[in-house]
Amino acid sequence: MTNTTQPGRAARRSARPGRRALILASAALITVAGTSIPAAAFAADGDLSTNGGAQRNSGDKTADLRASIVDGPAKNVILLIGDGMGDSEITIARNYAYGAAGELPGIDALPLTGQYTTYSLYKDGENKGKPDYVPDSAATGSAWATGTKTYDNAISVDIDGTPQQTLIEIAKANGLKTGNVSTAEIQDATPAVQAAHVAARSCYGPDSATCGADALEAGGLGSISEQILDTRADLTLGGGSASFTQTAKAGQWSGETLFAQAEDRGYQLVGDAAGLASLTAADQSEPVLGTFTPGNFPTRFAATTATVGGADEAPVTCQPNPDRLDTGLSLASLTNKAIDLLDTGDDKGFFLQVEGASIDKQDHAANTCGQIGETIDLDEAVQAALEFARADGNTMVIVTADHAHTSQIVDSTPPATLSTALTTADGTTMKVAYGTAAAGGSQQHTGSQLRIAGYGPGAAQVVGLTDQSDNFFTIANALQLDRNTAALSSGATATVSAGTVEPGASVTVTGFGFNGDRQLDATEAADSAAATALGSKDVITGGAAYELTAPEELGTQTVTLTGRQSGKTVQVQYTVAEAGTPTSTPSPSASAPAGVGTGDGSGSGTSSGGSGASALGATGAIVAPIAALSALLLAAGALLVLQRRRRHA
Ligand SMILES: [Zn+2]
């Protein structure tokens, strides 16, 4: 760099605000007017042909770059994924909407960028464990969701089929709030990798033929939709309502639709913009399941069809899709609402994944305007995330993609493959070609490395060349997550509401401290009889309560609570005695923590008097600590209620 370039830079710097205003105005045009984007209305200003005229840097950026490297930890992480958004797709959208010298106001604004590799692995045969150079969204999503590379088609299981813990599962176990947002069916691979573990990505619901050993009736963890309910993120928003209308074939909710099951388990179900707007909370007592379309969201722009020789025809401008959803359901709106609901001001923070899904889907369909509109949609969601992160100061934002894709900007119309010509914001023609499938076929993913960009505490990890699986560790480390979630349940305990009861009396058994678990399973056994199953309960705030009826037979009953994910087992006993036998005195201090539901979905705290005398924890003497723990949890519960009231106010 020589001093002779300085005057030019200064001039550009002063010209910059005007250019930004122009870009913003053009963005507003795209968003608000909902009409086709006029060509040449907002091409880059200035003469690109002058020396330095196309430069993007304005002045020396060393200081800015230094300032953008911020030590972790971060309190919150927002991960935004453009499905199939390779460098080519980003460039096509930028050229079209902002001009070749313009910038995408969200995606291009992140200060720290790197590249990452995305290959998947072969699961069997002589190449088992070796790279498969062109991955799918299942393998790639699993890589950043779990840190484990796997095979195409796998949803957060390794190449041997073993489930790998996901960021949402781990963040939740660590007490963070969690959210999962997509414009696809929420069972689609990218959102599914955070909430489910199946061998085949198309195992959407109980009716899916591909579930195999993962089906509940086969003794598996269930379909992706059923596992979404089990994982119980605080907030899940997307398409894919159709799978939730299917009926469970086995398990506790056998014979019920998944929507009915969700309601049973305390979910707030919403299906339109008004419903979404009305939500004031999303938490473990009342998690949100918003499904706004039966399948994928309709795209922002109407489809264009690439044909052989198509780029020789008159260039097109993109038209709005009349079927696009209410703008209250755009990806940016969903992102803003998700942030509002997850940012409750508590200390632990949140992890949110947001996917713009149909860049990929429209690239498969050789639909240039479709993929451009979805890229712009994602860009607006990135802007929303950045706006929050800048104000918050403690949030890392990462923007990346899962795999590269077909579309290419070409110089001349390819003779044998599909292409389209568009008029860009520069007022010139851009030819886009799709060369990996014939007309009517599905264009293929490609194997190129991708851009990953970051902002905020910990984001320096994205710089340089990393692998997609690094992203898991970047996020887990920034949030300081304890990945040994089984250990998070090691201090689990339980209480019983009374040590001695009459036959037929009600008894409440409450488990506490199962923080590393999402469900509890329970059994009850008389002295020497075989145990009977009491069913499973969702773990809420580390606990769950079982309402039992004491049997008619006299003697000792042993209730065993087992954390489904940790395997942690806790036992309590109570005695059934003849009527007239003095029952033990309930202690008012030993109540279930607020938010420990009885599984009816109410999420209400269960008041259970605890008896010191007979509440024996098999794992040791636990009664005294429980009283203290209960008091603490009660206080925390009261605080939560207060906060909730404040939010409602
Ligand atoms: Zn795809």
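This text goes with the structure placed above it.
Along each chain, the written sequence defines residue order, and numbers are assigned to residues from 1. Owing to the predicted nature of the model, reporting of local features is limited to residues with pLDDT of at least 70; listing and counting of side-chain atom pairs is limited to 80 or more, with chain, interface and lining totals taken over all residues.

(A) Quick look at helix α11 (residues 331-342). A run of DSSP states H or I qualifies as a helix once it reaches four residues; a run of E qualifies as a strand once it reaches two. Both are numbered from the N-terminal end. Multiply 1.5 Å by the residue count of a helix minus one, and that product is the helix's expected span. If you check α11, its first and last C-alpha atoms are 16 Å apart, about what 12 residues at 1.5 Å a residue would give, namely 16 Å. Any residue whose C-beta has 12 or fewer other C-beta atoms within 10 Å is treated as exposed, any with 20 or more as buried, and any in between as partly exposed, C-beta atoms being built from the backbone. In terms of residue burial, α11 counts as a mostly covered element, since 10 of its 12 residues are buried. Among all positions in α11, only L331, A332, S333, L334, T335, K337, A338, I339, L341 and L342 are buried.

(B) Looking closely at the packing of α11 against helix α13 (residues 368-392). With their axes 7 Å apart at the nearest point, α11 and α13 run at an angle of 25° to one another. One element, α11, and the other, α13, form an angle in the roughly parallel class. In the packing of α11 onto α13, the handedness of the crossing is right-handed. Between α11 and α13, the residues in contact are L331, A332, T335, N336 and I339 and D377, L378, E380, A381, Q383, A384, A385 and F388, respectively. Amino acid classes used here: Ala, Val, Leu, Ile, Met, Phe, Trp, Tyr, Cys and Pro are nonpolar; Asp, Glu, Lys and Arg are charged; the rest, including Gly, are polar. Grouping the constituent residues of the contact of α11 with α13 by class yields 8 nonpolar, 3 polar and 2 charged. Only the stretch in contact is used when a helix axis is fitted, and all axes are lines through C-alpha atoms; the angle between N-to-C directions ranges over 0 to 180 degrees. With respect to orientation, any angle under 35 degrees is reported as roughly parallel, any angle over 145 as roughly antiparallel, any angle of 65 to 115 as roughly perpendicular, and every other angle as oblique. Crossing chirality is assigned from the near helix's rotation relative to the far helix, an anticlockwise turn below a right angle marking it left-handed and a clockwise turn marking it right-handed. What counts as a contact here is a pair of residues whose C-beta atoms, placed from the backbone, lie within 7 Å.

(C) Seen up close, the sheet that holds strand β21 (residues 532-538). One bridge is not enough; two strands pair if DSSP finds at least two bridges between them. Within the open sheet, the 5 strands sit side by side as β18-β24-β23-β20-β21. Their pairing is mixed. Two strands bound the open sheet, and with one partner strand each, they are β18 (500-501) and β21. Relative to strand β24 (residues 569-576), strand β23 (residues 555-563) runs antiparallel, the two being bridged by 8 bridges. Counted as the bridge partner of V559 is V572 from β24.

(D) Seen up close, the environment of A277. Tracing the sequence through the fold places A277 in helix α10 (residues 273-278). With 13 C-beta atoms packed within 10 Å, A277 lands in the partly exposed category. In this structure, the C-alpha to C-alpha distance between A277 and L329, residues 52 residues apart in sequence, is 9.7 Å.

(E) Quick peek at the sheet that holds strand β22 (residues 544-549). Reading across from one edge, β17-β19-β22 is the order of the 3 strands in this open sheet, with antiparallel pairing throughout. Each edge of the open sheet is held by one strand with a lone partner, namely β17 (493-496) and β22. Strand-to-strand twist of the sheet, defined as the mean angle between neighbouring strand axes without regard to direction, takes the value 20°. As defined by bridge partners, β17 adjoins strand β19 (residues 506-512) across 4 bridges and the pair is classed as antiparallel. Across the sheet, residue V496 finds its bridge partner in β19, namely V509.

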